[in-house]
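An overview of the molecular structure
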Amino acid sequence: MKKQLSHNWLISQSWLRFLIIILLVIGVFFRFVNLDKKIYWGDEVFSSLRISGYTQSEMKEQLGNGGLSSIEDLRKYQYPNPQKNTIDTIKGLILEDSQILPLYILITRFWVELFGNSVAVTRSFSAFLSLLTFPCLYWLCQELFKSSLIGWIAIALVAVSPIHLVYAQEARAYSLWIVTILISSVALLRAMRLQTKVSWCIYAITLSLGFYTHLFFTLVAFAQGIYLIAIERFRLSKTLIYYLVSLLAGFISFVPWIWIIITNPQPEAIDWTNAKQTLFSSATRWAGIFSRTFLDLGISPSDPGKLKIALIPFILIILVIILYSIYFLCRRSSKEVWLFVLTLIGSVGVPLLITDFVFEKRYATSRYTLASVLGIQLAVAYLFTTKITSSYTKVWQKKLWSLAAFMIIMSGVISCMLQSQAQIWWNKLPEKYQDFPQIANIISQGNKPLLITDVDNLLPPIEILGHLVVDPKVRFQIVKKNQLPEITNGFTDIYLFLFEPSNLLKAGIEKVYNSKLQQINRFLWKVTKST
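Conventions we followed
- In every chain, residue numbers begin from 1 and rise along the written sequence.
- Local features in this predicted model are restricted to residues of pLDDT 70 or higher, and side-chain atom pairs are both shown and tallied only at a pLDDT of 80 or more, whereas totals for entire chains, interfaces and linings draw on every residue.
- Derived side-chain values reflect all non-hydrogen atoms in the structure, with water molecules and hydrogen atoms excluded from consideration.
- Working definition: helices are DSSP H or I runs of at least four residues, strands are E runs of at least two. Numbering for both runs from the N terminus.
- Multiply 1.5 Å by the residue count of a helix minus one, and that product is the helix's expected span.
- The rule is simple: take the accessible area with a 1.4 Å probe, protein chains only, and divide by the maximum for that residue type; under 20% is buried, over 50% is exposed, in between is partly exposed.
- The rule is short: rings of Phe, Tyr and Trp, with Trp giving its six-membered ring, pair when the centres are within 6.5 Å, and they are stacked under 30 degrees, edge-to-face over 60, tilted in between.
- We call two residues in contact whenever any of their non-hydrogen atoms come within 4.5 Å of each other.
- Polar contact is the term for a pair of N or O atoms within 3.5 Å; when the atoms are in protein, one must be able to donate a hydrogen and the other to accept it, and sequence-neighboring residues count only if both atoms are side-chain atoms.

**With respect to helix α8 (residues 133-145)**
Relative to the 18 Å expected for 13 residues at 1.5 Å per residue, α8 spans 17 Å between its end C-alpha atoms, a close match to the ideal helical length. All of the buried residues in α8 are T133, F134, C136, L137, L140, C141, E143, L144 and F145. K146, located one to two residues past α8, shows a positive phi value of around 60°.

**Looking at the packing of aromatic side chains**
Inspection of every chain in the model, using the stated rule, returns 30 aromatic pairs. Taking 5.9 Å as the distance between ring centres and 85° as the angle between the ring planes, the aromatic pair formed by W200 and Y203 counts as edge-to-face. Of this pair, W200 and Y203 are both found in helix α12 (residues 197-211), three residues apart, which corresponds to roughly one turn of the helix. Judged by relative accessible area, W200 falls into the buried class, the value being 2%. Judged by centre distance (5.3 Å) and plane angle (85°), the rings of Y227 and F340 are edge-to-face. Placement of Y227 in helix α13 (residues 217-231) and of F340 in helix α17 (residues 335-357) is noted, with a sequence separation of 113 residues between them. By the burial criterion, Y227 is buried, and F340 matches it.

**Focus on the side chain of S98**
Considering the arrangement of structural elements, one finds S98 in the loop between α5 (86-96) and α6 (102-115). Accessibility expressed as a relative area gives 1% for S98, which makes it buried. Aside from chain neighbours lying at most four places away, what touches S98 is L93, W257, I260, I261, N264, P265 and Q266.

**Topic: the environment of Q477**
Inspection of the secondary structure assignment puts Q477 in strand β3 (residues 475-479). What makes Q477 buried here is its relative accessible area of 1%. Once the C-alpha coordinates of Q477 and I494 are considered, the two residues, 17 residues apart in sequence, prove to be 10 Å apart. Residues in contact with Q477, not counting those within four places in the same chain, are G66, G67, L68, L450, L451, I452, T453, P485, E486, T488 and Y513. A distance of 3.2 Å separates a polar atom in the side chain of Q477 from the backbone oxygen of G66.

Here is the structure:
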């Protein structure tokens, strides 16, 4: 790679690194700014419940008895507390969320215990983990491309990548998963180069960490195996034997949790994947997933069609750059390089494509394709670096590719700016939760407000409101399903909240309070006296 660089370009590399450092600072800033501004949505509420050590059944039993609860009572089930310890956290995962792997939850629990109970602190651990992406990515580029310049360009792309920012500010395991993907990839390439027992032991450790971070890491490990077998030309070489031993060691460490998943299955956790979709819907979804690597204006399924149509030219340009970068990588780099990037892209991409287009499932979401996103960014970094710096590229072509790189970078910066100021983004399911900030504001405006609901609306809707409502005078009355609340006096403003509909509760409220329900929005009613 270095031999292809022109002398004139070598003089300007220091300026390039300076610009990349500026982009890195911008990326770090966006990862930590307004951490607590966005709505704390359903998945994050479940993460916090696991961190607290309580189970859903305990929470419903203690809060859903018809008594009055405060915001502090709700938040008891969102943060670590003296009543529950780490063992309780593990028990909650085993009993109710076996598909959520424990590494992120346990470390985040210690993080929150250390720095305090707040949404910003809980999310800050993901933001902190996302910073580890940069050195790991640079190291991977050194091992794979033998080029520090490609590493710097890759860092620039990831620093302002909107999809990385989305999950750097979410209280889920995705930032940790990205880091484990990168560090296991580095460990594999390093072990293949050094051929020492210590390096293969390190690789086995990274596999174990990855297995306990996200279930889809198993697909990444499988793809790494395909890569190594192909490089070794399907021969049972010393390298392949070392790999198999390392994989076996990592897998054995994961066997206990595999047994937990088998004995405590949670099929309802993936019910959302059963929604049928057309081939056109699947294709549109995939185009959106990959284009968000570089451009994300927050468009969600509930937004008007005109906005989506306006984005089509930009999405097509991004997809063309992605496809060409993969083609260029395969034509210009060695087999060891292009095959690694292709297997990384295909590790989760191919299985999810099959489930989407063959079985018509809906597994494909941006959070599940992060391994593919990393592979795409490596390919694009290689394309831009080679086209801009190669002595074989004509001057006008260098200018054209410099402009393309600038546009990709700026689209990322603009996307990050928009996202940092938004209260709800597409990944927070605005079609479900966009009314919640308004609901919290309406409730808080009362002198002595009471919100009535039932246990079906407790998790996650009421807990989401618990993070949005800041006025401590608000009280919640949560009753069991098919039961009516007892009349409570002393409240000036009484509301009924039903995220999950209940005609029985609506009719019962009118009867118990001898009142009418005045609908405010699709989830909230105000109890008004009958005249």
